[in-house]
Amino acid sequence: TILILDFGSQTSHLIARRIREFGIYCELLPCTQKMADLHFKPKGIILSGSPYSVYDSDAPRVDPAVFESDVPVLGICYGLQEMTKLMGGKVEACEHREYGYAMLDIHRFPDHPFADKLLQGIQGPAEVWMSHGDQVTGAAENFLVIGTTGTAPFAAVVHKDKPFFGIQLHPELTHTACGKDVLRNFVTSICQASPSWTMESFVEKEIARIQQIVGPTGRVIGAVSGGVDSTVAAKLMHEAIGDRFHAILVDNGVMRLDECANVKKMLVDKMGINLKIADASDLFLDRLAGVTDPEKKRKIIGNTFIEVFEAEAAIVDKECGGEIEYLLQGTLYPDVIESISFKGPSATIKTHHNVGGLLEDMKLKLIEPLRELFKDEVRELGRILGLDDELVWRHPFPGPGIAIRVLGEVTREQVQIARLADHIYIEEIKKGGYYRQISQAYAALLPIKAVGVMGDKRTYEQVIALRAVETTDFMSADVMIGAEWFLTLKRISSRIINEVKGVNRVVYDISSKPPATIEWE
Ligand code: XMP
């Protein structure tokens with residue numbers, strides 16, 4: 001295991017992702033982690049970047065014990081500065097914050113082959129990405145300089161006798177083309193970690209772990225949504241305990257077209273999972289009547305979901321003699337990272353997680369088989385478990401569903417219009433072969449009317465906005481563009497206007513995130 005200590009940089013989780021991509025297991029823990037309390041012995045430790053300055057009075061500090069064993073350490077950006085300061089070197093503010101590309105010159109030490117290991121195989125000058133306000137201006141004693149840039153005389157350093165490395169550049173970003181090699185050199189050649197983290201081995205271990213936790217008679221209940229995470233989690237659970245896993249699908253009235261029937265086909269007919277569909281669409285839609293505020297919509301849907309799920313779970317529990325002990329949740333690693341961050345969860349822009357209150361009064365114990373995994377690992381796991389490609393690569397869909405894609409008041413009629421337009425949109429995206437390239441696409445129904453002409457009649461109807469974005473982490477996103485794509489959009493527009501009653505105009509949203517968000521509400 002490689003340990004990554006997170007000092008709060010926006011990109012710390014990317015370090016973990018890169019290392020997992022090499023098939024090497026790593027854990028990201030808050031920088032406040034004490035070495036003495038660690039539950040495993042790491043083969044190497046990486047110190048991440050940080051928004052702080054090492055001289056800030058409230059700056060996060062590394063446990064000096066990190067440097068007291070012979071475990072290799074790699075400090076990245078703040079990590080390098082923190083290491084330098086701790087060992088008596090000098091760190092100062094740059095005159096101008098450096099943000100962007102720089103050329104890294106590499107210095108080799110033929111008499112000291114260990115020093116060359118970090119940048120082995122990398123040709124200098126190499127294009128690297130810098131993002132820092134402070135930098136090392138005097139290396140600590142016994143450090144050799146293995147990399148410099150025009151503005152950073154200590155861009156990469158190594159201790160003469162100990163396996164301590166530091167780099168100012170960001171190897172976790174794809175902008176740094178040699179970044180993967182730097183990280184790979186560190187974890188394989190310096191830490192000697194072996195690639196044993198595969199989804200195949202994960203399946204075996206996780207199924208055994210679930211069986212052990214749940215025991216030979218215990219039962220588990222969990223909500224499914226038709227999305228990748230809950231379906232993969234359900235499939236894994238079914239493999240482990242068969243019919244003792246009970247899935248519940250709550251129809252909240254704002255799901256995609258024919259979603260319940262499709263989930264039933266997939267989970268029940270194909271996978272043989274024990275599924276109960278709770279049609280609560282009227283309850284949800286009645287409670288949403290007259291509500292236009294997006295956060296209020298989220299709250300109503302979140303709370304109603306909990307209420308319905310709890311009631312259904314109680315019925316299922318009664319039916320099987322009160323043997324349900326566990327609640328399955330498809331929590332992923334990024335949520336775990338966020339919840340353990342030393343800064344606390346980041347500022348709420350939208351309340352995305354709407355099942356948080358579920359456990360409090362249900363007296364169930366939580367089981368989270370995906371909590372160590374990144375999204376791409378979950379997709380790979382789904383593939384290994386034999387799920388259809390269509391499901392494995394499905395776009396994410398928000399919990400509040402079409403309610404936040406019908407702008408303004410949510411009525412049954414408005415939901416149906418948005419649903420039909422969305423269905424046509426996604427169908428055409430798949431036909432055109434764009435589905436995998438796009439990370440998320442949907443149709444939103446705007447609460448405004450526009451004038452149009454159909455035959456020789458004037459129309460006065462609503463507007464559909466189409467959105468399609470490309471992103472890897474959904475924190476920032478680019479709009480999908482391209483000449484061919486625009487021709488496809490034109491075709492989609494005419495299909496929607498012809499086939500969906502109540503719509504006479506289609507627009508394409510060309511805003512990036514930030515400053516826009518992916519959803520309109
Ligand atoms: P935004 O709109 O914040 O969306 O750029 C980022 C990602 O989160 C999804 N999203 C939600 N998911 N409940 C969810 O489960 C929500 O309330 C919610 N709001 C946004 C959005 O679809 C995108 O993938």
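Counting of residues starts from 1 at the beginning of each chain's written sequence and follows it residue by residue. Confidence filtering applies because this is a predicted model: local features only for residues at pLDDT of at least 70, side-chain atom pairs given and counted only at 80 or more, and all residues used for totals across whole chains, interfaces and linings. In computing side-chain values, all of the structure's heavy atoms are included and hydrogens and water are not.

1. Describing the overall build of the protein chain
Then, number 1: For the protein chain, the count of helices and strands is 14 helices and 18 strands.
Then, number 2: Only the C-alpha atoms count toward the radius of gyration. The rule for a globule is 2.2 Å times the residue count to the power 0.38. Computed over the C-alpha atoms, the radius of gyration of the protein chain is 26 Å, within 12% of the 24 Å expected from 2.2 N^0.38 for a compact globule of 521 residues.
Then, number 3: Expressed as lengths along the three principal axes of its C-alpha atoms, the size of the protein chain is roughly 80 × 65 × 40 Å.
Then, number 4: The cut-offs for exposure are 20% and 50% of the maximum accessible area for each residue type, with area from a 1.4 Å probe on protein chains only; residues under the lower value are buried, those over the upper are exposed, and the others partly exposed. The 521 residues of the protein chain split such that 56% are buried.
Then, number 5: Partitioning the contacts of the protein chain with sequence separation of at least 6, the portion at a separation of at least 24 is 76%.
Then, number 6: Surface accessibility of the protein chain: about 23,700 Å² in total, with carbon and sulfur atoms responsible for 52%.
Then, number 7: Side-chain charges of the protein chain comprise 57 positive and 71 negative groups, with the mean position of each set lying 3 Å from the other. In DSSP terms, a helix is any run of H or I states spanning at least four residues, a strand is any run of E spanning at least two, and both are numbered starting from the N terminus. Working rule for contacts: check all heavy atoms of both residues, and any pair within 4.5 Å makes them a contact. Working definition of accessibility: Shrake-Rupley area with a 1.4 Å probe, residue cover restricted to the visible protein chains. Positive: Lys, Arg. Negative: Asp, Glu. His and the chain ends are not part of the count. Every charge is mapped onto a representative atom, which is NZ of Lys, CZ of Arg, CG of Asp or CD of Glu.

2. Observations regarding helix α5 (residues 199-214)
Then, number 1: In this analysis, the expected span of each helix is defined as 1.5 Å times one less than the number of residues it contains. With 16 residues, α5 should cover 22 Å at 1.5 Å per step; its first-to-last C-alpha distance of 22 Å lies within 8% of that length.
Then, number 2: For α5, the elements touching its buried residues are β10 (219-223), α6 (228-241), β13 (324-328), β14 (365-367) and α11 (375-384).
Then, number 3: Following α5 by one or two positions, Gly 215 adopts a phi angle in the positive range, close to 75 degrees.

3. Focus: the packing of aromatic side chains
Then, number 1: Each pair of aromatic rings taken from Phe, Tyr and Trp, with Trp reduced to its six-membered ring, is defined by centres within 6.5 Å and is described as stacked if the planes are under 30 degrees apart, edge-to-face if over 60, and tilted in the remaining cases. In the structure shown here, the tally under the stated rule is 13 aromatic pairs.
Then, number 2: Considering the side-chain rings of Trp 197 and Phe 202, the 5.8 Å spacing of their centres and the 75 degrees angle between planes classify their relative orientation as edge-to-face. The pair Trp 197 / Phe 202 is uniform in exposure class, with both members buried.
Then, number 3: Here Phe 486 and Tyr 508 contribute two aromatic rings whose centre-to-centre distance is 6.0 Å and whose plane-to-plane angle is 80 degrees, an arrangement assigned as edge-to-face. Of this pair, Phe 486 sits in helix α14 (residues 483-499) while Tyr 508 is found in strand β18 (residues 503-508), placing the two residues 22 residues apart along the sequence.
Then, number 4: Members of the aromatic cluster, each reached through a chain of ring pairs, are Tyr 434, Trp 485, Phe 486 and Tyr 508.
Then, number 5: Two thresholds decide whether a charge sits over a ring: the Lys NZ or Arg CZ must be within 6 Å of the ring centre and within 35 degrees of the ring normal. Lying over the aromatic face of Tyr 435, Lys 430 brings its terminal NZ or CZ to 4.9 Å of the ring centre.

4. Considerations on empty space enclosed by the protein
Then, number 1: Only protein atoms enter the calculation, which uses a 1 Å grid: trapped sets of points that fit a 1.4 Å probe without letting it out are cavities, open sets showing protein on both sides within 12 Å along at least five of seven lines are pockets, and any residue with an atom within 4 Å of a point is a lining residue. Grid points are joined across faces, edges and corners, and a volume is the space filled by probe spheres set on the points. All chains considered together, the criterion is met by one cavity of 30 Å³ or more.
Then, number 2: By volume, the largest cavity amounts to about 40 Å³.
Then, number 3: Every residue lining the largest cavity is listed: Leu 80, Thr 84, Val 136, Ala 139, Ala 140, Phe 143 and Val 157.
Then, number 4: Note that Gly is not counted as nonpolar here; it falls among the polar residues with everything else outside the nonpolar set of Ala, Val, Leu, Ile, Met, Phe, Trp, Tyr, Cys and Pro and the charged set of Asp, Glu, Lys and Arg. Tallied by class, the residues present in the lining of the largest cavity amount to six nonpolar, one polar and no charged.

5. Focus: the packing of helix α1 (residues 12-21) against helix α4 (residues 179-190)
Then, number 1: It is the contact of α1 with α4, at a shortest axis distance of 10 Å, that shows an interaxial angle of 70 degrees. Between α1 and α4, the crossing angle belongs to the class labelled roughly perpendicular. The two elements α1 and α4 cross, and the hand of that crossing is right-handed. Residue-level inspection shows Ile 15, Arg 18, Ile 19 and Glu 21 of α1 in contact with α4, the latter providing Lys 180, Leu 183 and Val 187. Axis geometry follows a simple rule: fit a line to the C-alpha atoms, using only the stretch in contact for helices, then measure angles between N-to-C directions, giving values from 0 to 180 degrees. By the definition adopted for this analysis, an angle is roughly parallel if under 35 degrees, roughly antiparallel if over 145, roughly perpendicular if from 65 to 115, and oblique otherwise. Whether a crossing is left-handed or right-handed is set by the direction in which the near helix is turned from the far one by less than a right angle, anticlockwise for left-handed and clockwise for right-handed.

6. Description of the layout of surface pockets
Then, number 1: Approximately 660 Å³ is the volume found for the second largest pocket.
Then, number 2: What lines the second largest pocket is a set of 29 residues, among which Glu 259, Asn 262, Glu 390, Arg 394 and Lys 430 lie closest to the centre.
Then, number 3: Where the lining of the second largest pocket is concerned, the elements lending two or more residues are α7 (259-270), α12 (389-392), α13 (412-431) and β15 (440-454).
Then, number 4: Its residues placed into classes, the lining of the second largest pocket shows eleven nonpolar, five polar and 13 charged.

7. Re helix α2 (residues 78-86)
Then, number 1: With seven of its nine residues buried, α2 lies for the most part within the structure.
Then, number 2: Within α2, burial applies to Tyr 78, Gly 79, Leu 80, Gln 81, Glu 82, Met 83 and Thr 84.
Then, number 3: Of the residues flanking the end of α2, it is Gly 88, one or two places downstream, whose phi is positive at about 95 degrees.

8. Observations regarding unusual backbone geometry
What is expected of a backbone is that most residues other than glycine have negative phi and most peptide bonds are trans.
Then, number 1: Lys 513 connects to Pro 514 through a cis peptide bond whose omega is -20 degrees.
Then, number 2: As for its position among the elements, Pro 514 is in the segment after β18.
Then, number 3: With an omega of 10 degrees, the peptide bond between Pro 514 and Pro 515 qualifies as cis.
Then, number 4: Of note, Phe 474 is a non-glycine position whose phi angle comes to about 65 degrees, a positive value.

9. Some points on the sheet that holds strand β7 (residues 143-148)
Then, number 1: For two strands to be treated as a pair, DSSP must find no fewer than two bridges joining them. Spatially, the nine strands line up as an open sheet ordered β2-β1-β3-β4-β9-β8-β7-β5-β6, and their pairing is mixed. On the outer flanks of this sheet lie β2 (26-30) and β6 (126-138), each paired with one strand and no other. Direction aside, the axes of adjacent strands within the sheet are offset by 25 degrees on average.
Then, number 2: Taken together, the four bridges between strand β4 (residues 73-76) and strand β9 (residues 164-167) define a ladder with parallel strand orientation. For Gly 75, the partnering residue across the bridge sits in β9 and is Gly 166.
Then, number 3: On the sheet, α2 packs against β3 (44-47), β4, β5 (90-106), β6, β7, β8 (156-159) and β9 and is oriented at approximately 30 degrees with respect to β6.

10. A closer look at the state of the cysteines
Then, number 1: A pair of sulfur atoms, both from cysteines and within 2.5 Å, is called a disulfide here. Summed over the entire model, instances satisfying the criterion amount to zero disulfides.
Then, number 2: The cysteine Cys 31 is free of any disulfide, with Cys 77 supplying the nearest cysteine sulfur at 14 Å.
Then, number 3: Of the cysteine sulfurs around Cys 178, a residue in no disulfide, the closest is that of Cys 77, at 15 Å.

11. Concerning the environment of His 132
Then, number 1: Along the chain, His 132 turns up in strand β6.
Then, number 2: Since its relative accessible area comes to 2%, His 132 is described here as buried.
Then, number 3: Remark: the alpha-carbon pair of His 132 and Ser 50, spanning 82 residues in sequence, is separated by 9.2 Å.
Then, number 4: Counted as a polar contact is a pair of N or O atoms within 3.5 Å, where, for protein atoms, one must be capable of donating a hydrogen and the other of accepting one, and residues adjacent in sequence contribute only when both atoms are in side chains. In terms of polar contacts, His 132 uses its side chain to reach the side chain of Glu 98, at 2.7 Å.
Then, number 5: A polar contact of 2.8 Å, which involves the side chain of His 132, links it to the backbone oxygen of Asp 134.

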